[in-house]
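Working through the structure, step by step
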Amino acid sequence: MVQWLKGLSVDDSQVAKTIMKFPHLMGSYSLEENLKPRVQWLRSLGLDDSQVPKTIMKFPQLMGCSLEENLKPMVQWLKELGMHDSQVAKTITSFPQLMGCSLEENLKPMVQ
């Protein structure tokens, strides 16, 4: 896991900080089933090789969010609000914690 994070251009101090902040990243998530698919998904949204690790470091819990139940519906909702792909990517990079919020319980009621 550490080597994989370093492969994303994350330096040793960032890896250590992230693991201290969210130790579940080391033991609870599968590299093949959780981490790699989420990184691929982030890249498919337009995040580049420098933005992906920064996003993970800001909100490592993102790696445990369900693609189908959380992440994809959130992106779809942001687009329904009128955001373009580049705006969605910038929002996720700037504030990835948004992706951990409940659409139904938190975000939609605030917009309606």
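Here the structure is shown first, and the text comes after it.
Rules and cut-offs
- Residues numbered from 1 in each chain as written.
- Predicted model: local features only at pLDDT ≥ 70, side-chain atom pairs only at ≥ 80, totals over all residues.
- Heavy atoms only, no water.
- Helix = DSSP H or I, 4+ residues; strand = E, 2+ residues; numbered from the N terminus.
- Buried < 20%, exposed > 50% of the residue type's maximum accessible area, 1.4 Å probe, protein only.
- Contact = heavy atoms within 4.5 Å.
- Core = buried A, V, L, I, M, F, W, Y, C linked by side-chain atoms within 4.5 Å.

Along the chain, the position of Asn 34 falls in helix α4 (residues 31-44). Residue Asn 34 is classed as buried on the basis of its relative accessible area of 15%. Among all residues touching Asn 34, those that are not within four sequence positions of it are Tyr 29 and Met 63.

Before going further, it helps to spend a moment on the side chain of Thr 55. Examined against the element boundaries, Thr 55 turns out to sit in helix α5 (residues 51-58). Among all residues touching Thr 55, those that are not within four sequence positions of it are Leu 47, Leu 62, Ile 92, Thr 93 and Pro 96.

For the rest of this paragraph, the subject is the environment of Lys 17. Assignment of secondary structure puts Lys 17 in helix α2 (residues 12-21). With relative accessibility at 61%, the residue Lys 17 sits in the exposed group. Linking Lys 17 and Met 57, residues 40 residues apart in sequence, is a C-alpha distance of 8.3 Å.

Turning to the nonpolar core, a few remarks are in order. Counting residues in each nonpolar core, the largest one holds 32 residues, and the members touching the most others are Trp 41, Leu 42, Ile 92 and Met 99. Among the secondary structure elements, those contributing two or more residues to this core are α1 (2-7), α4, α5, α6 (67-80), α7 (85-94) and α8 (103-111). Here the element with the most residues in this core is α6; it accounts for 6 residues. With near-sequence residues (within four places) excluded, Ile 92 lies in contact with Trp 41, Leu 42, Leu 45, Leu 47, Thr 55, Val 75 and Met 99.

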